[in-house]
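These are the residues of each chain, in order.
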Amino acid sequence: MAQVNGRPSDATELRKRASATKAVSDLITMAGRESDRKLDTHTTYEFGGPIGVTIMIAIFPPLMYYFWICLWFYDGALVHPNGLSDIVPFLGRMWDHVRNDAAPNTWATSFYIGLMIFQLFLAFIMPGYKQEGLPVPSLNYKTLTYNCNALACWYATLVTSIVVHTTGILRLTGIIDNFGPLMTVSILWGFGLSLATYWVSVAQGTQIRMSGNFMYDFWMGAPLNPRIGSVDLKMFQEVRIPWVLLFYICVAGACKQYEDYGYVSANVAFMVLATGLYINACAKGEECIPQTWDMFHEKDGFMLIFWNFAGVPFTYCYPTLYMVRRHPDVYQFPLWGSIALYTTLMVAHYMYVFKIPKRPNLC
């Protein structure tokens, strides 16, 4: 078989897969079809059912604001009302922080939407390895092809960000300066995209495994394989958005610290390295994703959309957020601590990259 960088060449592999899967639907037994039919039928509630998911949908944004306020304004302390009589004034103080320091502005809106458009554009045009997913029962056991080009998109994003930052077109420090407004834009985007994905699927008749309860179906999602052209939206959301955003929040923190103090602390540099290695590993292993349960069975709903576009990047960044608001002397590890931390990270990453097989059939 023809090899390209240790892999079967795209054309050869796809031809073999096509010939092998043409008759997949003919090979499924009646018992197998019945099992798949039950799998694609709503039978039980998860996540606490309609009440549980409604609570989570309602509480996620306030929690994100609360933790941001604690880190940004109260030195990381978990602030609370000073007695029953202070509950209403406390809520008023929290609202003032959101209104005054997290209202969407032009910079945050332009940056966030611009990044989404740029990542989608790259997903369309960049070359990648063509990986087929598992046969999908609801599509009569058809297999969908995924263009796994996250690595090329990631490197293109890195180069672009270096250019725009060093030339002054877009200073990455703006991410930290506008963190509150950016988080609000991401929350609004998460809700808006979740609603759009749900209603478009219902309008097109592509909804599957519906419970009949709107809040629960909104949480779990309506469509299984939403796509814009060749781009699978679920896979796009899982790799391209949350980890790229998280990495650049950490990079922005490092840039901000350099501007303020003339150097980057080992702790902040560690966060940049760790998140950079993580997104790089995700991008390199993207070809494993099409054959996972996420692609094969999980739907595209609020749970996936909101957390990838808002929850993950704007909550996993708390260590960086804490450090960038304080002088490095407050949290700096001793030399031996930094050496131990970096060594642990690099050894673990080496084991992951070089010692663990990552073929799609093993993921």
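Residues numbered from 1 in each chain as written. Predicted model: local features only at pLDDT ≥ 70, side-chain atom pairs only at ≥ 80, totals over all residues. Heavy atoms only, no water.

1. Focus: the environment of Ile208
Stated formally: Numbered from the N terminus, helices here are DSSP runs of H or I no shorter than four residues, and strands are runs of E no shorter than two. Each residue is placed in one exposure class: buried if its accessible area under a 1.4 Å probe, protein chains only, is under 20% of its type's maximum, exposed if it is over 50%, and partly exposed if it falls in between. The contact definition used throughout considers only heavy atoms, calling two residues in contact when any of these lie within 4.5 Å.
For Ile208, the location among the structural elements is in the loop between α9 (179-204) and α10 (214-220). Judged by its relative accessible area of 12%, Ile208 falls in the buried class. Linking Ile208 and Ile339, residues 131 residues apart in sequence, is a C-alpha distance of 51 Å. Those residues in contact with Ile208 that sit more than four places away from it in its chain are Asp40, Ser138, Ala222, Leu224 and Lys299.

2. Thoughts on the pattern of salt bridges
It is possible for side chains of opposite charge to pair when their charged atoms get near one another. Note the following rule: Salt bridges are identified by distance alone: a Lys or Arg side-chain nitrogen within 4 Å of an Asp or Glu carboxyl oxygen.
Per the stated rule, a full pass over the model turns up seven salt bridges. As a salt-bridge pair, Arg240 and Glu286 come within 2.8 Å of each other at their nearest N and O atoms. Here Arg240 is found in the loop between α11 (233-239) and α12 (242-261), whereas its partner Glu286 is found in the loop between α13 (266-284) and α14 (293-296), with 46 residues between them in sequence. Residue class for Glu286 comes out buried when judged on its relative accessible area of 1%.

3. Considering the confidence of the model for the protein chain
The cut-off we apply is this: On a scale of 0 to 100, pLDDT captures the predictor's confidence in every residue.
Confidence in the prediction of the protein chain, expressed as mean pLDDT, is 89, and 90% of residues score 70 or more. By mean pLDDT, strand β1 (residues 3-4) is the weakest element of the protein chain at 44, and α9 is the strongest at 97. Residue range residues 1-21 is modelled with pLDDT below 50. Its contacts to residues more than four positions away, or to other chains, number 27 contacts.

4. Points about the packing of helix α4 (residues 49-73) against α9
Between two packed helices, the angle of one axis relative to the other and the distance separating the axes together describe the packing. Stated formally: Axis lines are fitted through C-alpha atoms, for helices just across the contact stretch, and the angle between N-to-C directions can take any value from 0 to 180 degrees. Every angle not falling under 35 degrees, over 145, or within 65 to 115 is termed oblique; those three ranges are roughly parallel, roughly antiparallel and roughly perpendicular. Polar here means any residue other than Ala, Val, Leu, Ile, Met, Phe, Trp, Tyr, Cys and Pro, which are nonpolar, and Asp, Glu, Lys and Arg, which are charged; Gly is therefore polar.
Put simply, α4 and α9 touch, their axes get as near as 11 Å, and they point 170° apart. Between α4 and α9, the interaxial angle falls into the category roughly antiparallel. On α9, the residues that touch Ile57, Pro61, Met64, Tyr65 and Trp68 of α4 are Phe179, Gly180, Met183, Thr184, Ile187 and Phe191. Of the residues in the contact of α4 with α9, the class split is nine nonpolar, two polar and no charged.

5. Thoughts on the packing of aromatic side chains
Put simply, the rule is: Stacked, tilted and edge-to-face are the three classes applied to pairs of Phe, Tyr and Trp rings, where Trp contributes its six-membered ring and a pair requires centres within 6.5 Å; stacked means planes under 30 degrees apart, edge-to-face means over 60, and tilted covers the rest. The criterion is that NZ of a Lys, or CZ of an Arg, lies within 6 Å of the ring centre and within 35 degrees of the ring normal, and then a charge sits over that ring.
For the structure shown, the criterion picks out 29 aromatic pairs. Summarising the aromatic geometry, the rings of Phe247 and Tyr248 are spaced 5.0 Å apart at their centres and angled 80° between planes, so their arrangement reads as edge-to-face. According to the relative accessible area criterion, Tyr248 is buried, its value standing at 7%. Site record: aromatic cluster; members linked through ring pairs are Phe47, Phe60, Phe191, Tyr198, Trp199, Phe214, Phe218, Trp219, Phe302, Phe306 and Trp307. The side chain of Arg227 reaches across the aromatic face of Tyr146, ending 4.7 Å from its centre.

6. A few points about the nonpolar core
As a reminder of what qualifies: Note on terminology: a nonpolar core comprises buried Ala, Val, Leu, Ile, Met, Phe, Trp, Tyr and Cys residues joined through side-chain atoms within 4.5 Å.
Counting residues in each nonpolar core, the largest one holds 81 residues, and the members touching the most others are Trp68, Tyr112, Ile175, Phe179, Met183, Leu245 and Phe314. By residue number, the principal contributor to this core is α12, which donates twelve residues.

7. Brief notes about a nonpolar patch on the surface
Operational definition: Within this analysis, patches are made of residues with over 30% relative accessible area and no salt bridge. Like charges are joined at 9 Å or less; nonpolar side chains (Val, Leu, Ile, Met, Phe, Trp, Tyr) at 5 Å or less. Surface accessibility in these figures is a Shrake-Rupley result with a 1.4 Å probe; residues are shielded only by whichever protein chains are displayed.
Taken together, Ile51, Ile55, Ile59, Leu63, Phe67 and Leu78 make up a surface patch of nonpolar side chains, about 560 Å² in accessible area. Following the sequence through the fold, Phe67 ends up in helix α4.

8. Here we look at α12
Because an α-helix completes one turn every 3.6 residues, residues spaced three or four positions apart along the sequence face the same direction. Rules: Here the expected span of a helix is defined as 1.5 Å times the quantity of residues minus one.
The first and last C-alpha atoms of α12 sit 29 Å apart over 20 residues, in line with the 28 Å expected at 1.5 Å per residue. With 16 of 20 residues buried, α12 is to be regarded as a mostly interior element. The positive-phi residue at the C-terminal boundary of α12 is Gly262, with phi of around 85°.

9. Section: helix α6 (residues 106-125)
Convention followed: Here the arc refers to the directions that run from the helix axis out to each C-beta atom. In protein, a polar contact means a hydrogen-donor-capable atom and an acceptor-capable atom, both N or O and within 3.5 Å, with residues adjacent in sequence counting only if both atoms are side-chain atoms; elsewhere, any N or O pair within 3.5 Å suffices.
Under the 1.5 Å per step criterion, the end-to-end length of α6 is 28 Å for 20 residues, consistent within 8% with the ideal 28 Å. When we look at burial in α6, the residues that qualify are Ala108, Phe111, Tyr112, Leu115, Met116, Gln119, Leu122 and Ala123. The arc that holds the buried residues of α6, viewed along the axis, is 130°, so those residues lie on one side. Set apart from the buried face of α6 by more than 90 degrees, the exposed residues are Thr106 and Ile117. The backbone nitrogen of Trp107 lies 3.3 Å from a side-chain oxygen of the residue at the head of α6, namely Asn105.

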